[in-house]
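# Coordinates in review
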Amino acid sequence: MPKIPEYRSRVGVTADIPTRAAQGSDLGGTGLSELGQGIQQGGARLAEAQRILNARQAANEVTQTDVKMLQAQAELTTELNDMVKNWKPEDGEIVPAMQEKVRQRMEGIAFSNGEAVHETTQGRQHFEQQSARLSSHFLVQTAQAQSHIMGQQVIVEHNKAVDVAANTVQTNPDGFDVFQQQLTEMIDNPNGRYSALPAVKREELKRAATSSIARAAVQGEIRSAPRVALNRLNSGWMSEHLNDTDTPQLINQAKTAVHALDVDEDRAYREAERQRVATARAISNKMLTKLAAHDADPSNPPLTAQDLIDSGLGQYDDNGFQSMISVLHTRAKEGDREVKTDPVVFRRLFNRIHADPGDPNRLKDETAIQDAFGKHQKLSFADMTHLRKEFQDARTPDGARLSDTKRLFLDRIQTQITKSNMLMGKIDTDGDKQMLLYTLEVNRRVEEARKKGEDPHELFNPQSPKFVGSADALAPFQKSMKESMKSFSDKMRKGNEKTPALPPEQMRKPGESYSDWKKRVIP
């Protein structure tokens, strides 16, 4: 820093002025005395003029100093703001740098080409006063700014550290204690930046940091194990580290997560169940198709028990597997004695297929249908196949709508067939059979409409010419009173006729022992 040279005035108010008044004797006589007086008076006037000039110069220097100081303060303020705005931790402290800027600026105001700008005492003194004031001002401003940005930086770094800890603890809740200790030690370190903060502020930061990572640990537990988190929260887990409002909020979050987990698990279970049922149904359909193909053409390979075992059906539906075994066994035993359909059983199963979803009697799978043929021998193979298809169709969206329409229609129309002869009433024992035949005819027309790409709902529309409930459509299935009476009489007569328990060839021969007869008749 150039040293400001000692101030020396170039023009003084007493320059070239004698230190005492001239005397007449000094000038040699009266004339010379008058001359001396004139010179003395002229010197006084010159001194006054010089004083005035000096005062004006001093005033000019003072004003110029004020103007330059104002300009310097404005520009230095802008520079300080820029330094604060662009400051980075690696830049270090800004006080020394700002002090150097102020010194250079003051030097630029005090000197011009190496020469002192202020020639008057007043000008120099005013500059020194203003220079000291401005230097002090920026020292304070810079120190405050530095303290502020350093504090901000500490907070920024603190928040980053807490975020890192919280993110880690959220994925590993068991790490809470370790990170809490590390954050506490970092804040309390006397050699770190936190040491510049008041003790109260440090304690506040420690509490906030602990609360943040505690909340993150709980949220992590909620994500990974919501039921465990809910139980632990209800037991007071982390309550000493959480804010008063955190615990109830986190409990609500855990409850929501548990509910969502229940929903997801239920959805997953239902989807797995749907897949299981669909797979079992596909296997059953494949097996029955093979069985029917062999019945239609014996050259096709027959369905065997080993086929059922190899199909894997038992892995998806053990009941269905056992039911299919009974179907295969019954089908193999049928031979020339085909299982006949019991109309009442058919109608009951049909109604269960089309029952309301909330009805406990509604069929959940095809096992009961298969058992009606295999175990109980109350359905023919063809009708079992028909009802299985009816069941599967009714479980599709379009089929469900058609199922409701068909069920309501058949419920209304049933009395017109099963009790078509009102004089006979319940004595009309063929009514269920006729209703079975009518139901099969309705389903045949539904399938025919589907194959043609027509809307099967039209079949149940009374305004449609295709309406299956018309008098002409019902007539073939309705019996007259005469027909009902004849049918009833025939059944009564057959019931009274004695028929042999066994065909003649299976009757016990004279002299034949029971053991021999049993071996011959019962293989």
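Structure report, in brief. (Residues numbered from 1 in each chain as written. Predicted model: local features only at pLDDT ≥ 70, side-chain atom pairs only at ≥ 80, totals over all residues. Heavy atoms only, no water.)

For the rest of this paragraph, the subject is the nonpolar core. Among the nonpolar cores identified, the biggest contains 44 residues, and Leu379 and Tyr438 are the most heavily contacted of them. Looking at this core, the elements that each hand over two or more residues are helix 8 (246–296), helix 11 (318–334), helix 12 (343–353), helix 13 (367–374), helix 14 (381–394), helix 15 (397–413) and helix 17 (431–451). Other than its neighbours up to four places away in sequence, Tyr438 contacts Phe409, Leu410, Ile413, Ile417, Val468, Gly469, Ala473, Leu474 and Phe477. Judged by nonpolar contacts, the second largest core, of 24 residues, contains Phe176, Val218, Met238 and Val258. (Core = buried A, V, L, I, M, F, W, Y, C linked by side-chain atoms within 4.5 Å. Buried < 20%, exposed > 50% of the residue type's maximum accessible area, 1.4 Å probe, protein only. Helix = DSSP H or I, 4+ residues; strand = E, 2+ residues; numbered from the N terminus. Contact = heavy atoms within 4.5 Å.)

Moving on to the packing of helix 8 against helix 11. Here helix 8 crosses helix 11 at 5°, and the two axes come no closer than 11 Å. Between helix 8 and helix 11, the angle falls in the class roughly parallel. Between helix 8, through Ser284, Met287, Leu288, Leu291 and Asp295, and helix 11, the contact on the second element is made entirely by Met324, Val327, Leu328 and Arg331. Broken down by class, the residue content of the contact of helix 8 with helix 11 amounts to six nonpolar, one polar and two charged. (Axes fitted to C-alpha atoms, helices over the stretch in contact; angles between N-to-C directions. Parallel < 35°, antiparallel > 145°, perpendicular 65-115°, else oblique. Nonpolar A, V, L, I, M, F, W, Y, C, P; charged D, E, K, R; others polar.)

The terminal C-alpha atoms of helix 5 (residues 176–188) lie 18 Å apart, and with 13 residues this matches the ideal 18 Å at 1.5 Å per residue to within 8%. For helix 5, every residue scored as buried is listed here: Phe176, Leu183 and Ile187. Projected down its long axis, helix 5 shows its buried positions confined to an angular sector of 40°, all on one face. Buried residues in helix 5 make contact with helix 4 (121–171) and helix 6 (199–224). (Expected span 1.5 Å × (residues − 1). Arc of directions from axis to C-beta.)

Moving on, we come to the environment of Phe346. Tracing the sequence through the fold places Phe346 in helix 12. Sequence-wise, Phe346 and Met384 are 38 residues apart; in three dimensions their C-alpha atoms are separated by 8.7 Å.

In this section: the packing of aromatic side chains. Counted according to the given criterion, the structure contains five aromatic pairs. Here the aromatic rings of Phe373 and Phe381 are separated by 5.6 Å at their centres, their planes lie at 70°, and the arrangement is edge-to-face. Through successive ring pairs, a cluster of aromatic residues spans Phe409, Phe460 and Phe467. Over the ring of Trp237 we find Arg232, and its NZ or CZ is 3.9 Å from the ring centre. (Phe/Tyr/Trp six-rings, centres within 6.5 Å; stacked < 30°, edge-to-face > 60°. Lys NZ or Arg CZ within 6 Å of the ring centre and 35° of its normal.)

On to empty space enclosed by the protein, then. Counted under the stated rule, the structure contains two cavities of 30 Å³ or more. What the second largest cavity holds in volume is close to 30 Å³. Along the walls of the second largest cavity sit Pro343, Phe346, Arg347, Asp432, Met435, Leu436 and Thr439, which together make up its complete lining. Those elements giving two or more residues to the lining of the second largest cavity turn out to be helix 12 and helix 17. Ranked by the residues each element gives to the lining of the second largest cavity, the list is headed by helix 17, at four residues. (1 Å grid on protein atoms, 1.4 Å probe; cavity = no way out; pocket = protein on both sides within 12 Å on 5 of 7 lines; lining within 4 Å. Points joined across faces, edges and corners; volume = space filled by probe spheres on them.)

The next point concerns the pattern of salt bridges. For side chains of opposite charge, pairing can occur when their charged atoms come near one another. With the rule as written, the count across this model stands at 32 salt bridges. Here Arg215 and Asp246 are joined by a salt bridge, their closest N and O atoms 3.0 Å apart. Placement of the pair is Arg215 in helix 6 and Asp246 in helix 8, with a sequence separation of 31 residues. You can call Arg215 partly exposed: its relative accessible area is 27%. Put simply, Arg401 and Asp398 hold a salt bridge, and the shortest N to O gap is 2.2 Å. With Arg401 and Asp398 both in helix 15 and three residues apart, this pair spans about one turn of that helix. Put simply, Lys389, Asp393, Glu447 and Arg450 are held in one network by salt bridges that share partners. (Salt bridge = Lys/Arg side-chain N within 4 Å of Asp/Glu carboxyl O.)

This part covers the environment of Gln182. You can see Gln182 is positioned in helix 5. Of the residues examined, Gln182 reaches a relative accessible area of 44% and is grouped as partly exposed. In this structure the C-alpha to C-alpha distance between Gln182 and Ala165, which are 17 residues apart in sequence, comes to 9.4 Å.

Further remarks concern the packing of helix 14 against helix 15. Each pair of packed helices gets described by two things: the angle between the helix axes and the distance between those axes. Interaxial distance between helix 14 and helix 15 falls to 7 Å at its minimum, and their mutual angle equals 115°. Contacts between helix 14 and helix 15 involve Glu390, Asp393 and Ala394 on the former and, on the latter, Gly399, Ala400, Ser403 and Lys406. Each residue belonging to the contact of helix 14 with helix 15 can be placed in one class, and the counts come to two nonpolar, two polar and three charged.

Here the focus is unusual backbone geometry. Among all residues save glycine, negative phi is the norm, and among peptide bonds the norm is trans. Phi angles above zero are rare outside glycine, and Asn113 is one such case at about 55°. Structurally, Asn113 is set in the loop between strand 1 (111–112) and strand 2 (115–116). Residue Asn113 is classed as exposed on the basis of its relative accessible area, which comes to 79%. For Met238, which is not glycine, the phi torsion reads 65° and is therefore positive. Within the secondary structure layout, Met238 lies in the loop between helix 7 (226–234) and helix 8.

These results come straight from atomic positions and should not be treated as a statement about function.
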